[in-house]
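An overview of the molecular structure
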Amino acid sequence: MTAAKYPLKSMRVTAASNRRILLPIALAAIISITIVGFGLFWSAGRSDTVSVGRQVRTVQRAVQTSLADIQLHQQTVAVWDDLVVNLRAPAPDLDWIDANVGEWLHKLFGHDRVFVLNGRDELVYAMVDGRRVQQSLHDQNASGLHRLLASLRAKDRPLPATQSRSNDASVKAPFVSDLLMVDGHPAAVSAMLVLPLTPAVADRPGARPILLSVRYLDGTFQDGLARDYLLAHPKFATRNVMHQGEASLPLRDRSGRVIAWLSWYPELPGSAIKSVLLPLGGLSAAIIALLMVVLGRRLIASTNELHAAIMRLQTSEAQAHHLAFHDPLTGLPNRAKFNDHFDHALVEARRGRSCALILLDLDRFKHVNDNFGHLAGDALIKEFGSRLSGLLGENDMLARLGGDEFAVLIDGARNVADIDRICDQIRRAVNQPFEVLGNQAHVGVSMGVILSPLGGTERTDLLRKADIALYAAKGEGRDCHRHFSAAMDASVRFRGEIEEDLREALATEVGLSMNYQPLVNEHGRVVGVEALLRWEHPQRGSISPAQLIPIAEETGLIGPLGDWIVEHAMGLTVTAEGVETEEQLRFLQDSGCNELQGFYFSAPLPASDVSALTGGADVGVAA
């Protein structure tokens, strides 16, 4: 009634009431948005600071790790009797040092410069960028290098009594490492004393040789920062000249002097968040002002739930994709991923780019499973995959096809010699003992090799040929590699045809027969006969037992063949075989043999002629 009577006042009261309700809500919303916005932007700025600090610590650890890695690499050759003996010779074998020290550290571990000094601090050997050179330490343009060597020589004292020279795991060679500028390159430098490994070679404290290694930080190390630590555009400079958005870190030597600056574009998650939140924040404020705080909060909650669901779905899909194309035990690509990668490589092979396929099978792996259990076998498989991965290039692929079967695809293989070198490296790596569950296991590896496009460009055919070559490697003694040849293919076809024909011959008994060769005692009397299997193949003629028996054993037909022989033979005896001369006869008689067989007495005869030879007497039959 009042509202109808005073409509204007009623409207004003309602508006005032609405204002009293909306204004506090709006004020609370504005304050909340302001607080939340400030918190988000402060957190984003703080996130940038934390991210940069984390990347700085990561780079520092990477540099220290590089120094530690060089020391570990040097340890593999510095504690070595052969190296000590070589360096003590009046004329050290530089080719041997080059192959076993310089090339080893350069090719396997990426050392850019390697130097060897004798006990008189005279330079014996120098390798720069993978090539042996005639240079002195003065030619290296490395300030602080002689100071580093002097520091190491001060450590050239007798080893502590706690270090045994009975095994290389307990002999730790003294070393000194530092960051230096070497010929304009910031570099990690390590000098290590060369020690004998065993008491067989006398140690000479105070006059030990020195192994000096240099690894440029602006080479593969710089590439590794971008690849392994996700630093964007890292670069080294002698001065701290930064562009907008860059971060930098001074690299200092042991004395604290800055030798170089490392700069990069740091990852700034906070700034990325700001760029997204700024427009969304304004839109959210307008929505919250219109739809009230509760609706805004519900919307944010729903959005967060949806985002979390999407992230879970994406994570699940990524995991499923990984499991579909990788071996769960080793983490290596499986057969499906390998086939896909192989098909892409064969597309390039059809255009002239070569590749090589190597199929590998562990020798004596069943022995490991039988003696140590399947867990030990799994551990060996994982270590085997790890060893092989370290030998391959970044464009090559190692895959586990199943069980102890692996495949390697070498991209851009130039010639057979390169593949032979890789196979030799693989074999040497596998021949090293495997430590599995507290036991030491020894295995070998057989490999079959085929090159494309030389050997073809179809995946199925190349896999078949590589498998044939692998079979040949196993048949020729194992722990070796063999390249596929047309002769291998012909041999496989021959064995397959013989297998099929032998099955038919056993089923039909056509072509199989038994011959019998007399057995004679020491007095020349026939006492029995030996049963001899003969197979007259309808197309190939007579097939010798030397060809027949191995195929029967491999194909599982040896059992049925043996049953057929027993069924058709008349008995079995033991004899001295191969008697062909009178001298052999007298020797066997003097040796006490009482049953003899050979062409001296008779050639193999059909069954119908045996009775005439023995005069109708009953004789035994030897198979």
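Overview of the structure. Source: prediction; values computed, not measured. (Residues numbered from 1 in each chain as written. Predicted model: local features only at pLDDT ≥ 70, side-chain atom pairs only at ≥ 80, totals over all residues. Heavy atoms only, no water.)

Here we look at the overall build of the protein chain
Per the secondary structure count, the protein chain includes 17 helices and 21 strands. Counting every position in the protein chain, which comprises 623 residues, the buried fraction comes to 38%. Looking at the protein chain alone, contacts between residues at least 24 apart form 63% of all its contacts between residues at least 6 apart. (Helix = DSSP H or I, 4+ residues; strand = E, 2+ residues; numbered from the N terminus. Buried < 20%, exposed > 50% of the residue type's maximum accessible area, 1.4 Å probe, protein only. Contact = heavy atoms within 4.5 Å.)

Focus: the sheet that holds strand β1 (residues 113-117)
Taken in spatial order, the six strands make up an open sheet running β3-β2-β1-β6-β5-β4, and their pairing is antiparallel. Because the sheet does not close on itself, it has two edges, and the strands there are β3 (131-132) and β4 (175-182). Across five bridges, the pairing between β1 and strand β2 (residues 123-128) is antiparallel. Opposite Leu 117, over in β2, you have Leu 123 as the bridge partner. (Pairing = 2+ DSSP bridges.)

Some remarks on the nonpolar core
Side chains of nonpolar character tend, in soluble globular proteins, to be buried together. Counting 44 residues, the largest nonpolar core has Val 101, Leu 145, Leu 148, Val 189, Leu 211 and Leu 212 as its most contacted members. The contacts of Leu 211, once residues within four sequence positions are left out, are Gln 74, Val 77, Ala 78, Val 101, Leu 105, Val 114, Phe 115, Val 116, Ser 190, Ala 191, Met 192 and Val 194. Judged by nonpolar contacts, the second largest core, of 31 residues, contains Val 368, Ala 376, Leu 392 and Phe 406. (Core = buried A, V, L, I, M, F, W, Y, C linked by side-chain atoms within 4.5 Å.)

Remarks on the packing of aromatic side chains
Within the structure shown, the criterion is met by four aromatic pairs. Between Trp 80 and Trp 96 the ring centres are 4.9 Å apart and the planes differ by 45°, which places this aromatic pair in the tilted class. Taken together, the residues span a long stretch of sequence, with Trp 80 in the loop between α2 (7-78) and α3 (81-88) and Trp 96 in helix α4 (residues 94-109) at a distance of 16 residues. We classify Trp 80 as partly exposed; its relative accessible area is 23%. Between Trp 104 and Phe 109 the ring centres are 6.1 Å apart and the planes differ by 75°, which places this aromatic pair in the edge-to-face class. Lying over the aromatic face of Phe 434, Arg 387 brings its terminal NZ or CZ to 3.7 Å of the ring centre. (Phe/Tyr/Trp six-rings, centres within 6.5 Å; stacked < 30°, edge-to-face > 60°. Lys NZ or Arg CZ within 6 Å of the ring centre and 35° of its normal.)

So, the pairing of strand β10 (residues 355-363)
With nine of nine residues buried, β10 is to be regarded as a mostly interior element. By the alternation rule, side chains of β10 split into Cys 355, Leu 357, Leu 359, Asp 361 and Asp 363 and Ala 356, Ile 358, Leu 360 and Leu 362, which are all buried. Where β10 and strand β12 (residues 405-411) come together, seven bridges link them in antiparallel fashion. The residue bridging Cys 355 from the neighbouring strand is Asp 411, located in β12. Two strands pair when backbone bridges link them, and β10 and strand β15 (residues 444-452) are joined in this way by nine bridges, in the antiparallel orientation. For Leu 359, the partnering residue across the bridge sits in β15 and is Gly 448.

Some thoughts on a nonpolar patch on the surface
On the surface, a cluster of nonpolar side chains totalling about 300 Å² of accessible area is made up of Leu 27, Ile 31 and Ile 35. Note on placement: Leu 27 falls in helix α2. (Patch = residues over 30% accessible without salt bridge, like charges linked within 9 Å, V, L, I, M, F, W, Y side chains within 5 Å. Areas by Shrake-Rupley, 256 points an atom, 1.4 Å probe, with all protein chains shown as cover. Salt bridge = Lys/Arg side-chain N within 4 Å of Asp/Glu carboxyl O.)

Comments concerning the packing of helix α8 (residues 335-350) against helix α12 (residues 459-475)
Between α8 and α12, the shortest axis-to-axis distance is 10 Å and the interhelical angle comes to 110°. In terms of orientation, α8 and α12 fall into the roughly perpendicular class. Only Arg 459, Leu 462 and Leu 463 of α12 make contact with α8, whose side of the interface consists of Asn 339, Phe 342, Asp 343 and Leu 346. Of the residues that constitute the contact of α8 with α12, the class distribution is four nonpolar, one polar and two charged. (Axes fitted to C-alpha atoms, helices over the stretch in contact; angles between N-to-C directions. Parallel < 35°, antiparallel > 145°, perpendicular 65-115°, else oblique. Nonpolar A, V, L, I, M, F, W, Y, C, P; charged D, E, K, R; others polar.)

Topic: the sheet that holds strand β8 (residues 247-252)
Read across the sheet, three strands follow the order β7-β9-β8 without closing on themselves; strand pairing throughout is antiparallel. Every interior strand has two partners, whereas the edge strands, β7 (232-237) and β8, have only one. Strand-to-strand twist in this sheet, taken as the mean axis angle between neighbours without regard to direction, amounts to 20°. The pairing of β8 with strand β9 (residues 258-265) spans six bridges and is classified as antiparallel. Bridging across to β9, Ser 248 finds its partner in Ser 263. Contacts between helix α6 (residues 220-228) and the sheet are confined to β7 and β9, with β7 contributing the most and set at about 150° to the helix.

Observations regarding a positive patch on the surface
A surface patch of positive charge is lined by Arg 147, Lys 155, Arg 157 and Arg 254. Within the secondary structure, Lys 155 sits in the loop between α5 (145-154) and β4. The class of Lys 155 is partly exposed, set by a relative accessible area of 37%. (Lys, Arg positive; Asp, Glu negative; His and termini not counted. Charge placed at Lys NZ, Arg CZ, Asp CG, Glu CD.)

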